[in-house]
There are 4 protein chains.
Amino acid sequence: MTTPVSSNTVANSDIAIASPRFLASDNTSGICPEAMHYLLQANEQDDLAYGNDVWTERAANHFRTLFETDCEIFFVFNGTAANSLALASLCQSYHGVICHQLAHIETDECGGPEFFSNGSKLLPVDTPMGKLTPEGIASVVTRRNDIHYPRPRVVSITQATEVGTLYSLDELQAIREVADRYDLKVHMDGARFANACASLNVTPAEMTWKAGVDVLCFSGTKNGLAFGEAIVFFDHELARDFEYRCKQAGQLASKMRFVSAPWLGLLENNVWLANARHANAMAKRLSEGVRNIEGVEVMFPVQANSVFLEVPAVAQQYLRDCGWTFYTFIGEGGVRFVCSWNTSETLIDALVADLRQALAQRDQQ
Amino acid sequence: MTTPVSSNTVANSDIAIASPRFLASDNTSGICPEAMHYLLQANEQDDLAYGNDVWTERAANHFRTLFETDCEIFFVFNGTAANSLALASLCQSYHGVICHQLAHIETDECGGPEFFSNGSKLLPVDTPMGKLTPEGIASVVTRRNDIHYPRPRVVSITQATEVGTLYSLDELQAIREVADRYDLKVHMDGARFANACASLNVTPAEMTWKAGVDVLCFSGTKNGLAFGEAIVFFDHELARDFEYRCKQAGQLASKMRFVSAPWLGLLENNVWLANARHANAMAKRLSEGVRNIEGVEVMFPVQANSVFLEVPAVAQQYLRDCGWTFYTFIGEGGVRFVCSWNTSETLIDALVADLRQALAQRDQQ
Amino acid sequence: MTTPVSSNTVANSDIAIASPRFLASDNTSGICPEAMHYLLQANEQDDLAYGNDVWTERAANHFRTLFETDCEIFFVFNGTAANSLALASLCQSYHGVICHQLAHIETDECGGPEFFSNGSKLLPVDTPMGKLTPEGIASVVTRRNDIHYPRPRVVSITQATEVGTLYSLDELQAIREVADRYDLKVHMDGARFANACASLNVTPAEMTWKAGVDVLCFSGTKNGLAFGEAIVFFDHELARDFEYRCKQAGQLASKMRFVSAPWLGLLENNVWLANARHANAMAKRLSEGVRNIEGVEVMFPVQANSVFLEVPAVAQQYLRDCGWTFYTFIGEGGVRFVCSWNTSETLIDALVADLRQALAQRDQQ
Amino acid sequence: MTTPVSSNTVANSDIAIASPRFLASDNTSGICPEAMHYLLQANEQDDLAYGNDVWTERAANHFRTLFETDCEIFFVFNGTAANSLALASLCQSYHGVICHQLAHIETDECGGPEFFSNGSKLLPVDTPMGKLTPEGIASVVTRRNDIHYPRPRVVSITQATEVGTLYSLDELQAIREVADRYDLKVHMDGARFANACASLNVTPAEMTWKAGVDVLCFSGTKNGLAFGEAIVFFDHELARDFEYRCKQAGQLASKMRFVSAPWLGLLENNVWLANARHANAMAKRLSEGVRNIEGVEVMFPVQANSVFLEVPAVAQQYLRDCGWTFYTFIGEGGVRFVCSWNTSETLIDALVADLRQALAQRDQQ
């Protein structure tokens, strides 16, 4: 099996040479201590299956507190399922989902949204900084108005985006307005939702229902869990019978408590936020560390926990030889590093040092 | 209900002003006399349902003779179904279908292929003249090789293309070669297959299985039937259980003889070819007729029965006021005219005259 | 290809022996003269595609008059599609459809409803006379109330039923009440809707929306068309975006006028009703004709145009040898005859005579 | 939320009265120590995502050793997904899956198999002891041979069955033979595969590919994991592109090592077998313990880890008041207890004592 990649390729062909050092994605990290604490707790005694345990309702209530509203919470295994199920609940097979051309649902779910919805078409838009704009959305809606093309029904935004940038609250509000104009629902892919909250210093409520988001997929996996995403509906009607949808689609865990209890570890004491802040800080440290390395360019504003760098091919090879794992960004010649809750300053500093060395070597050639 | 359109808009808002004159598509024509003859014949007595009548096998055998091989034939109602079912038989939900960016399956089936296949993703390519190239196909296959993106499994080519151009036999052969290299099946959308055969002066066999096509969707509707497309499999294994697929998908006519018998009208005496030749000749007449009208440009080589013209907006409006129905070609400022088995020289000449008048008026303004 | 059959087998193995005489189904008849008249009319000149012609709106309006309400009408090709699309619009993939165990959607659509809805489960009930009862419906709803089983969402009733019986208006009303109690929509498979109206001597309005039906699939094919079913929504909200659903699923005819115009032939002058009355009368004639043939039993009350008879195996063979085509009813030893708009008294009388002869021969053996 | 149940109802309404005591299912138990050991191990350092870690290949190889063949292994999250994906890989949407009427895929997956396969119909058979028979399978295949009904393509057997009985190797072989006769694939739902191996004292190889099984879904969850089922293909061709299918369907874990590493805990030192043996022994202990309690009847042979008892309603209530959780078996008046890797003799003995007390109380009333 080769390393699965997105619109990019993990450069791990040489991991035999040196011990791997993981910055390819925030999903290479493990379970954070607070989540593990609850996982062990939940294992201390038997409990009812399918979410009827003592942990699941507790975790759901914690979400309601966090979001300051009586929202509906569903726990599923992973992000493909969370996004695909949420979208399937918002549209029928003949509807379209407007998303950015770099959106994960378009580039890295192997047709998951189309599968779960039985054919909804993704309608990608190519706008700057990995972010949808009101104009971009409107152009997709208005370019066709006939039944021979899927009718746009949902706008899907990723916060933080695939290139590590952020929508401001104003930008979210503007998207809500265009969505209202064209009768669209708003879905937020929150694979890195925590990092966005931390970076913008806004509350989860402000960044979701107060800004017009109908459904959020909040990733726990990338924030320190083994598995587990929370789908948060802010409109009860949209969540109608959603538990059946999850069950039918293979996303109802029998031992649900091993998903929900660890979420308590993240939610209590705002560990989710601390984890995200740390990851963001490490990304910032990396981007600042490379600022004065000649030949290395930061490709996008570093607003969350991802850093995209343009690095010469020969320097990329040097990094691989040093054991660094990272994705390359097709067509751009860039590389991606993602920081996580457990990324250490030492690791970042070592990467900066290796990058400096890599570029220095190149110049000597 | 507004006029359904594709990547274009029927300009029929003013059809109250003048009697409509139809060149918007070859599907505005009716049933040709030879097809009608058989339709009436088939109605003379009762017969078994679901294709067990005396006409269906006869029509299927006629196809086998026409294609000079023991192919499998299935009759369905329309092109959306024909293409979508054929593609669904070639790929699984997690596979991808490489097609041109202007392909009808991408732009005008409202997600039909994704629906019938339960999620197969169309992978569009933008190459010149509406035609796929071996390089374009290869680039789609090779840009990703991971399980996070649908695995390409089919190349779908449209012959004649959506912009009225044609693949030569050599071009088809080159596509077969790249398909073999990457283990891809080749599907041909033959919405205007007859026009292509007529224009290239090649046999149906030469343009399909001899050129490496695995499955053809041969349109009868655009060639003079009321309804009815023939799906032709040149590989028996690919057709396995396909009759069940048609039935489940609502494409098995109970009174099948009213689809299959009219096909005999097209197939006997090569009426299909005569119809296509006539349509092609009318398209040629139109393109030649406008050649020396200043301000009108022919946008693509006129190789089949479609003519795309660049016409100034004011002149387009003049045509509408005269009752002409046509599609506009979004983003190009162009208009499309399609000729059919019953398009008359008089009609073409009237259009040319109106175009000349339209441009003359513009110049006076 | 063998004759496709349902829960039964067409006995046509010997049709070479004698000229076939068709009573296997009402879909072995052709196009009635009034429908053909309009088909020919619609072919007299070109027209816009996809239902934007002059016939389609006219036919839709005629339906609105017939049903005495502002309903929404969609024309599709056949019954599999009509029922499956209507059901798909009423339920999600994780919902269940309560139907009779003998319902066509359960026994003869090759999984069409499951396919179009992406997995909705049919929940069959076995109650007498081929008819659902309020108790039967309630028992399905109440036997499970957990998310591990599809949630019932629709009741589908067939009027007339698969065994030629009818729901009275009171029975329909009682089903509506149980549907309301459990938040279910009511779908009516009207493959033989005309025959039911004719037999009960009630109006289309009385038998549908006034009796609580949400969506009706009204078959034109069995009533005298070549193809064409009308899906009639009595609730506009349920019909939302349904035109996209039809298009995506391959059920939007480009030359729509050849479906809709012939409907005018049925609707004008109540030809649909006359056709149905005739078919019903022929069924009655058959059932009365066999009344005193010893050894032949009428299996179900003959309330519409189908007659189910218990006939000894040897007598069945005699009929086959005489060229009669009919279905056998598995597990019952019965045979089915269905009369149509063009079934003649002569044909019925000949069948009665052959049946009498068949039984007489048996007694001699 | 009420306790989700199958064809039965968890009797937990009174769990407030006494501390719950869990015998409702083997999925109320937690993670066994050996699995937890590896989960903690896998968390000690970061690793590549999507199965490219150091644990996944190791676990897969362990399966190959266990099954004594070069099989293909895929890890997914739960049983709904495992069975549904495996079935979807064996059949197309218009195919049928023959299964027992009590099979979990029929009664408790909320239409999962129909959803993942886009419409394959389950064809249930009602034969004794929860087990399919060659005659039952043959009867489904032969009762229809037309395209109006899904073509049977797969036999799905559950080992151990839903009622705790087992297929002998001879019975499996006989099913393989009828499958070969009708060109059917054989799928084994191994939700309690380990218990079956332990009880029959046969090897995994003997009970699968040597007995003609094409695909096995081996449950880890019920054997001591938090989550995780292994889909084992014994025919490489059937597994073609299956990794794409898993990804698209939301069953590819990014932090895969937390599914695969714990499997090592089960596979090493045959912990899977020891866990199963223990559970089976506890079931045996329960069935023997109740043998001489008058008024309690064992409903099915206790061959694995489930015990079905007929218990008077009043006695059931007594048990509920004591805190016992169990499912009731609709229409039978029975109750189900399932033992697990951590069910203690003390717990079983307490249940037996409470049952004895419950029946004694009843007799006093």
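Our structure is the block above this text.
It should be emphasised that the depicted structure is a prediction, and the values quoted were computed from it without experimental measurement.

(A) Region of the structure containing the packing of aromatic side chains. Scanning the entire structure with this criterion turns up 94 aromatic pairs over all chains. Ring centres of Phe116 of chain B and Phe115 of chain C lie 6.0 Å apart, and the angle between their planes is 45°; this geometry places the pair in the tilted category. Taken together, the residues span two chains, with Phe116 of chain B in helix 5 (residues 112–116) and Phe115 of chain C in helix 5 (residues 112–116). Residue classification places Phe115 of chain C among the buried residues on the basis of a relative accessible area of 3%. Seen from their ring centres, Phe115 of chain D and Phe116 of chain D are 5.4 Å apart, and the 85° between their planes marks the pair as edge-to-face. Linked through ring pairs, Phe63, Phe67, Phe75, Phe193, Phe218, Phe234, Trp263 and Trp272 of chain A together constitute an aromatic cluster.

(B) Structural view of the relation of the copies chain D and chain A. Overlaying chain D on chain A yields an RMSD of 0.0 Å, the required transformation being a rotation through 180° with an accompanying axial translation of 0.0 Å. As the rotation angle and translation indicate, the two copies are arranged about a two-fold axis. For chain D, the residue whose C-alpha comes nearest the rotation axis is Phe77 of chain D, separated from it by 3.7 Å. Comparing interface residues between copies, 100% of those in chain D also sit at the interface in chain A, which points to an isologous, same-surface contact.

(C) Main features of the sheet that holds strand 13 (residues 334–338) of chain C. All names here are of chain C. An order of 9-10-13-12 is seen for the four strands of this open sheet, with the pairing classed as antiparallel. The open sheet terminates on both sides in strands that have one partner only, identified here as strand 9 (297–298) and strand 12 (327–329). Bridge analysis of strand 9 against strand 10 (residues 306–310) gives two bridges, and the strand direction is antiparallel. What sits directly across from Val298, in strand 10, is Leu309.

(D) Spotlight on helix 2 (residues 56–67) of chain B. Residues and elements named next belong to chain B. When the terminal C-alpha atoms of helix 2 are compared, their 17 Å separation across twelve residues agrees well with the 16 Å that a helix rising 1.5 Å per residue should span. Those residues of helix 2 that sit buried are Thr56, Ala59, Ala60, Phe63, Leu66 and Phe67. One face of helix 2 carries all of its buried residues, which in axial projection span an arc of 115°. Downstream of helix 2 by a residue or two, Glu68 has a phi angle that is positive, lying close to 55°.

(E) Fine view of the pattern of salt bridges. Under the counting rule described, the total for this entry stands at 84 salt bridges over all chains. Asp183 of chain B is the partner of Arg240 of chain D in a salt bridge, and the nearest nitrogen-oxygen pair spans 2.7 Å. Here Arg240 of chain D is found in the loop between strand 8 (229–233) and helix 10 (242–248), whereas its partner Asp183 of chain B is found in the loop between helix 7 (169–181) and strand 6 (185–190) on a different chain. Classification of Asp183 of chain B as partly exposed rests on a relative accessible area of 35%. Close ionic contact of Arg151 of chain C with Asp183 of chain C constitutes a salt bridge, the shortest N to O distance being 3.8 Å. In this pair, Arg151 of chain C is assigned in strand 5 (residues 151–158) and Asp183 of chain C in the loop between helix 7 (169–181) and strand 6 (185–190), connecting sequence segments 32 residues apart.

(F) View of the relation of the copies chain B and chain C. With an axial shift of 0.0 Å and an RMSD of 0.0 Å, the rotation relating chain B to chain C amounts to 180°. Taken as a fraction of all interface residues of chain B, those also at the interface in chain C reach 100%, which identifies the copy contact as same-surface.

(G) Representation of the sheet that holds strand 13 (residues 334–338) of chain D within the structure. Residues and elements named next belong to chain D. The antiparallel open sheet is built from four strands, whose spatial order is 9-10-13-12. What marks the edges here is a single partner per strand, and that holds for strand 9 (297–298) and strand 12 (327–329). As paired strands, strand 12 and strand 13 are joined by three bridges and run antiparallel to one another. Each residue of the ladder has a partner; that of Thr328, found in strand 13, is Val335.

(H) Structural detail: the interface of chain D and chain A. In this assembly, 56 residues from chain D lie in contact with 56 residues from chain A. Approximately 4,900 Å² of surface area, both sides summed, lies buried where chain D meets chain A, with 59% of it carried by carbon and sulfur atoms. Contact with chain A buries area across many residues of chain D, yet Phe227, Gln248 and Lys255 of chain D alone supply 15% of it, more than any other trio. Our count for the chain D to chain A interface comes out at two salt bridges. Residue Glu109 of chain D is joined to Lys247 of chain A by a salt bridge in which the shortest nitrogen-to-oxygen separation is 3.2 Å. For the interface between chain D and chain A, the tally reads 32 residue pairs in polar contact (both at pLDDT 80 or more). Listing elements by their share of the side of chain D that touches chain A, those giving two or more residues are helix 1 (33–42), helix 3 (79–90), helix 5 (112–116), helix 10 and helix 11 (257–267) of chain D.

(I) The pairing of strand 2 (residues 72–76) of chain D, seen in detail. Residue and element names in this part refer to chain D. Burial within strand 2 is extensive, with four of its five residues counted as buried. Relative to strand 8, strand 2 runs antiparallel, the two being bridged by five bridges. Following the sheet pairing, Glu72 is matched in strand 8 by Phe233.

(J) Fine view of the packing of helix 13 (residues 313–321) of chain D against helix 14 (residues 345–364) of chain D. All names here are of chain D. Taken N-terminus to C-terminus, the directions of helix 13 and helix 14 make an angle of 135°; their axes are 9 Å apart at the nearest point. As judged from the angle between their axes, helix 13 and helix 14 are oblique. Between helix 13 and helix 14 lies a crossing of right-handed hand. Between helix 13 and helix 14, the residues in contact are Val314, Ala315, Tyr318 and Leu319 and Leu351, Asp354, Leu355, Gln357, Ala358, Leu359, Gln361 and Arg362, respectively.

Rules behind the numbers
Residues numbered from 1 in each chain as written. Chains lettered and ligands numbered in written order. Predicted model: local features only at pLDDT ≥ 70, side-chain atom pairs only at ≥ 80, totals over all residues. Heavy atoms only, no water. Phe/Tyr/Trp six-rings, centres within 6.5 Å; stacked < 30°, edge-to-face > 60°. Helix = DSSP H or I, 4+ residues; strand = E, 2+ residues; numbered from the N terminus. Buried < 20%, exposed > 50% of the residue type's maximum accessible area, 1.4 Å probe, protein only. Least-squares fit on C-alpha atoms with pLDDT ≥ 70 in both. Contact = heavy atoms within 4.5 Å. Pairing = 2+ DSSP bridges. Expected span 1.5 Å × (residues − 1). Arc of directions from axis to C-beta. Salt bridge = Lys/Arg side-chain N within 4 Å of Asp/Glu carboxyl O. Buried area = accessible area lost by both parts, 1.4 Å probe. Polar contact = N/O pair within 3.5 Å; in protein donor to acceptor, adjacent residues only side chain to side chain. Axes fitted to C-alpha atoms, helices over the stretch in contact; angles between N-to-C directions. Parallel < 35°, antiparallel > 145°, perpendicular 65-115°, else oblique. Left-handed = near helix turned anticlockwise from the far one by under 90°.

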